[in-house]
Amino acid sequence: LKFRKNIGFDKMINDIGSKRGIEYIILQNENKIIASNKPVDGISRLSEDNFLKGAFDNNLTQTREVFLGDKKVFELVAPFILNGEKLGLYRVGLSMDEIVSAENRMYRRTLIISIVLIFISIVVIGIIVSNQNYRLISNEYKKIQTFTGNILDKMTQAIITSDLDGTLRIFNKAAEELFDLKSADVIGKKVKDSIPEFEKYFQKNDEFSNHEITFKTAEGENKFFNVNKTLNYSSEGKPEFITLVVNDITEIKKMELKNRQNEKMVAMGELASSFAHEVRNPLNSINMIAQ
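Just so it is clear, the model here is predicted, and its values are computed rather than measured.

Basis of the calculations
Residues numbered from 1 in each chain as written. Predicted model: local features only at pLDDT ≥ 70, side-chain atom pairs only at ≥ 80, totals over all residues. Heavy atoms only, no water. Helix = DSSP H or I, 4+ residues; strand = E, 2+ residues; numbered from the N terminus. Rg over C-alpha atoms; globule rule 2.2 N^0.38 Å. Buried < 20%, exposed > 50% of the residue type's maximum accessible area, 1.4 Å probe, protein only. Pairing = 2+ DSSP bridges. Axes fitted to C-alpha atoms, helices over the stretch in contact; angles between N-to-C directions. Contact = heavy atoms within 4.5 Å. Salt bridge = Lys/Arg side-chain N within 4 Å of Asp/Glu carboxyl O. Core = buried A, V, L, I, M, F, W, Y, C linked by side-chain atoms within 4.5 Å. pLDDT = per-residue confidence, 0-100.

(A) Inspection of the overall build of the protein chain at higher detail. Counting its secondary structure elements, the protein chain contains eight helices and 10 strands. On C-alpha atoms alone, the protein chain measures out to a radius of gyration of 56 Å, which is more than a quarter above the 19 Å that the 2.2 N^0.38 rule sets for 291 residues. Here the C-alpha coordinates of the protein chain stretch approximately 190 × 35 × 35 Å along the principal axes. The burial tally for the protein chain puts 26% of its 291 residues in the buried class.

(B) Quick peek at the pairing of strand β3 (residues 62-68). With seven bridges joining them, β3 and strand β4 (residues 71-82) adopt antiparallel strand pairing. Pairing of Val 66 across the sheet is with Val 73, part of β4. If you look at the hairpin formed by β3 and β4, you'll find two residues sitting between the two strands, and Gly 69 has a positive phi there, around 70°.

(C) Representation of the environment of Glu 48 within the structure. Here Glu 48 lies in the loop between β2 (33-36) and α3 (50-57). A C-alpha to C-alpha distance of 100 Å links Glu 48 and Asp 165, two positions 117 residues apart in sequence.

(D) How the structure looks around the sheet that holds strand β10 (residues 239-248). Taken together, five strands build an open sheet; the order of strands is β7-β6-β10-β9-β8 and the sheet is antiparallel. One side of each edge strand has no neighbouring strand; the edge strands of this open sheet are β7 (168-171) and β8 (208-216). Within this sheet the neighbouring strands show an average axis-to-axis angle of 25°, counted without direction. Relative to strand β9 (residues 222-233), helix α8 (residues 250-290) is tilted by about 135°, and along the sheet it contacts β8, β9 and β10.

(E) View of the pattern of salt bridges. Overall, the coordinates contain eight salt bridges when judged by the stated rule. The residue Lys 229 makes a salt bridge to Asp 206 at a minimum N-O spacing of 2.6 Å. In this pair, Lys 229 is assigned in strand β9 and Asp 206 in the loop between α7 (191-194) and β8, connecting sequence segments 23 residues apart. Owing to a relative accessible area of 2%, Lys 229 belongs among the buried residues under this scheme. Judged by relative accessible area, Asp 206 falls into the partly exposed class, the value being 33%. Counted as one network, the salt bridges with shared partners bring together Asp 49, Arg 64, Glu 75 and Arg 91.

(F) Structural context of the nonpolar core. Counting 22 residues, the largest nonpolar core has Ile 160, Phe 179, Phe 198, Phe 225 and Val 246 as its most contacted members. The element contributing the most residues to this core is helix α5 (residues 173-179), with four residues. Apart from the residues lying within four places of it in its own chain, the contact partners of Phe 179 are Ile 160, Phe 171, Ile 195, Phe 198, Phe 215 and Phe 225.

(G) Focus on the sheet that holds strand β1 (residues 22-28). The strand order across the open sheet built from five strands is β2-β1-β5-β4-β3, with neighbouring strands paired in antiparallel fashion. Every interior strand has two partners, whereas the edge strands, β2 and β3, have only one. The sheet shows a mean angle of 30° between the axes of neighbouring strands, direction not considered. Where β1 lies against β2, three bridges are found, and the strand directions are antiparallel.

(H) Main features of the confidence of the model for the protein chain. Looking at the protein chain, the pLDDT average stands at 82 and 95% of residues meet or exceed 70. Within the protein chain, the element-level pLDDT minimum falls on helix α1 (residues 2-7), averaging 64, and the maximum on strand β6 (residues 158-163), averaging 88.

Take a look at the structure:
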């Protein structure tokens, strides 16, 4: 008996049952447990369990989940047939700890992946909304820029704007015609390099209006300008840009000069007429006396 236990059927069951993950190996017939790798309390009898009885009667290999005490076990049952004789039913209980652990890991990974996907979705939605807002703002900015540009280009006054360090930012069409310069050539450059005669007006943070200056062109012609200076402030109330509005009043000055000359000629005519009248009166008297 001792020799048989060391080398026989019981030894095989014990060796297999000692492997990790195997809860029990049982060979049982309708009446009793024939062999087991370890004592199993509360194991169901074949005659009392319809699942076992069905597998035994129909020669089926089946699986199910059962509880061994408070522990869940995955059980496989198969009939044991030797030399055509059905001797009993094998029952192998496999631990579900690895499956439960794998499920928990899967749940944790699923949860982490779900959180990551939700975060990515939020980020993507935020990017999409930001891009839409950016496009809307860009379109509005382009409309405002185009609208402002059209207004500036339609103005008859020359508009010149620079930041506080003297870099030109706005140079409208009237300014191009007035100074014979292209805005593309002067925007981004210093005032002193483009219109040095106006550099002094961009050096002080003061404002003035109706300031008349004389400007000599490259051809040597004198031109008269009326200049208004304003400061543009930032949202914090600090000066940010300097704007000059320049009106060419050369023709007005010429008209004024011509009008003054005409007034002088009219005055001289009136003086001559009055003088002739005053001289003619005594001459008429002398002429009458002489006659």
